[in-house]
Amino acid sequence: MNWFRQTLANAVGTAEPEYGAEGLRTVTAQAAETPYTVLVKDDLKWQAMQSTNVETQIFYLMSNEGQMASIQMIYNNVAGIMTTCQLNVKVFKHYSETEHLWLSDPLKNHCFDEEMLSFYADGLSISLNEAGDEYSIKAARNDSALIDLVVKRVTPGFHAGKDGTTYYGTDPENPWGEMKHRFWPRCSVTGSMITPEKKYDFAGRGVFIYAIQGMKPHHAAATWNFVTFQADEYSAIMMEFITPPSYGSTSVIVGGIVKDGAIIHAGATNSITHLESKDDPETYWPEPVAIEYKWESNDATYIAELSGPIGERTDRVDVLYHIPGIIKSLVGGVVGTRPFIYQYYNPPQDSLVLKIRDGDPTPVEVQGKMYCETSFIL
């Protein structure tokens, strides 16, 4: 009966039953035994699932010149009936300090290579090299952003636990949903993005994330937090989602600290605390003002911290306004669903310093560029 009710909820958007935390098998539990697993090439395969899901690749780009951009490829399936693909491109502060370039284009004639490692469509190629450590991104889908970039992993990629996945369902052998994240937390970027107004040289740092939400997005998570911090020697990354009350409002937080060629720490013993917020009168969400991110090893011998004011938001995204109509159908019209993303991009500054303690009471302190997001859905 639980399976039937959940299938109905996934297909037509009915309210979920209250399963509580017992309806989850979190990656946090996996990570208690296996903190993380280094990614191999096959871990980057597209799944192209024939059930309700959103499968994405996203690249965050931070140029040496201080420019920030993101490129997201979305593969979406609704109840095994319809599949759509979308390319989202955002260049922050493109027109002014508060005006950004945002492009969201449907893709036609999509396909994968034989190994399911590279994606192609009219005007788009996102291809993984033979070594499995470099993506080439070429896009001419929209004349407002002609993209020719190479994103190369310079430290091992990882996922938390054994498979990076939190499973939803009361029957452990037959889960009805999943949430998966895999990370390349430190990459080098070369290449350019050409717009009618400017040509950007995106030589610098980048982050790559592969993710699957194998169920309706608002059934999987009610709140999200994300941060990436890029410094000369270190990179840090953390991702949190908090489930809706139907799954006990459970927090799952994965992340890691890396440097060129090595993972210093990775796992799920992390924490995110909103130290200060202010009411947003337009959305009624608590807009974060100061945040504390902590990375801690299972035995508490390794601790890193990034804490302080995050400054004025760079952008606030009305998700239902921006996302493709087919994905909107997954969450739109659900009572209480008001998805907004608060985005912040900060250059190096004294108020945001990554402090790293690796068995030493005196922390190593590094400055770097920080990008973070907080998303509210329910």
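As a reminder, the structure under discussion sits directly above these lines.
Computed from a predicted model, the values in this text were never measured in an experiment.

Conventions and cut-offs
- Residues numbered from 1 in each chain as written.
- Predicted model: local features only at pLDDT ≥ 70, side-chain atom pairs only at ≥ 80, totals over all residues.
- Heavy atoms only, no water.
- Helix = DSSP H or I, 4+ residues; strand = E, 2+ residues; numbered from the N terminus.
- Rg over C-alpha atoms; globule rule 2.2 N^0.38 Å.
- Buried < 20%, exposed > 50% of the residue type's maximum accessible area, 1.4 Å probe, protein only.
- Contact = heavy atoms within 4.5 Å.
- Areas by Shrake-Rupley, 256 points an atom, 1.4 Å probe, with all protein chains shown as cover.
- Lys, Arg positive; Asp, Glu negative; His and termini not counted.
- Charge placed at Lys NZ, Arg CZ, Asp CG, Glu CD.
- Phe/Tyr/Trp six-rings, centres within 6.5 Å; stacked < 30°, edge-to-face > 60°.
- Pairing = 2+ DSSP bridges.
- Disulfide = S-S within 2.5 Å.
- Salt bridge = Lys/Arg side-chain N within 4 Å of Asp/Glu carboxyl O.
- Core = buried A, V, L, I, M, F, W, Y, C linked by side-chain atoms within 4.5 Å.

A. Region of the structure containing the overall build of the chain. A tally of regular secondary structure across the chain gives five helices and 27 strands. What you see for the chain is a C-alpha radius of gyration of 20 Å, in line with the 21 Å of a compact globule of 378 residues. When the backbone C-alpha atoms are referred to their principal axes, the chain occupies close to 55 × 50 × 50 Å. Put simply, the chain has 378 residues, and 56% of those count as buried. A separation threshold of at least 6 residues defines the contact pool for the chain, and within that pool the share at least 24 residues apart is 62%. Per element, the accessible surface of the chain, about 15500 Å² overall, is 51% carbon and sulfur. In the chain, which carries 29 positive and 47 negative side-chain charges, the distance between the mean positions of the two groups comes to 2 Å.

B. Highlighting the side chain of H265. The residue H265 is located in strand β20 (residues 262–267) in this model. Aside from chain neighbours lying at most four places away, what touches H265 is G255, G256, I257, N270, W295, E296, S297 and Y302.

C. Inspection of the packing of aromatic side chains at higher detail. Enumeration over the complete set of coordinates arrives at 24 aromatic pairs. Their ring planes at 45 degrees and their centres at 5.9 Å tell us that Y200 and F202 sit as a pair that is tilted. Aromatic side chains Y342 and F376 sit 6.0 Å apart centroid to centroid with 80 degrees between the ring planes, which places their arrangement in the edge-to-face category. Taken together, the residues span a long stretch of sequence, with Y342 in strand β25 (residues 340–346) and F376 in strand β27 (residues 364–376) at a distance of 34 residues.

D. Representation of the pairing of strand β18 (residues 234–242). Of all the nine residues making up β18, eight are buried; the element is thus mostly covered by neighbouring parts of the structure. Between the antiparallel neighbours strand β17 (residues 223–231) and β18 lie two residues. As defined by bridge partners, β18 adjoins strand β19 (residues 251–259) across nine bridges and the pair is classed as antiparallel. Bridging from a neighbouring strand, F241 pairs with V252 of β19.

E. Up close: the state of the cysteines. Using the criterion set out here, one finds zero disulfides in the structure. As a non-bridged cysteine, C187 has C372 as the owner of its nearest cysteine sulfur, 19 Å distant. Using a relative accessible area of 0% as the deciding quantity, one classes C372 as buried.

F. Representation of the pattern of salt bridges within the structure. Taken as a whole and judged by the stated rule, the model has 16 salt bridges. Note that E282 is salt-bridged to R316, the shortest N-O span being 2.9 Å. Placement of the pair is E282 in the loop between β21 (270–279) and β22 (286–296) and R316 in strand β24 (residues 315–318), with a sequence separation of 34 residues. Look at the salt bridges and you will find they share partners, linking D280, E282, E287, R313 and R316 into a network.

G. Broad picture of the nonpolar core. The biggest cluster of nonpolar side chains holds 40 residues, and the ones touching the most others in it are L61, F119 and M193. Discounting residues that sit within four places of it in the chain, L61 has contacts with Q67, M68, A69, I71, L149, V151, V189, F202 and R205. In this structure, A31, Y168, I209 and A266 belong to the second largest nonpolar core, which totals 35 residues.

H. Quick look at the environment of G255. Along the polypeptide, G255 turns up in strand β19. G255 sits 72 residues away from F183 along the chain, and the two C-alpha atoms are 8.7 Å apart.

I. Quick look at the environment of D42. Along the chain, D42 falls in the loop between β2 (36–38) and β3 (53–63). Through-space distance from the C-alpha of D42 to that of L117 is 7.8 Å; in sequence the pair is 75 residues apart.

J. Molecular detail of the side chain of S70. Looking at the secondary structure, you find S70 in strand β4 (residues 68–78). S70 sits in the buried class, given a relative accessible area of 12%. S70 has contacts with F59, Y60, N88, V89 and K90, leaving out every residue within four places of it along the chain.

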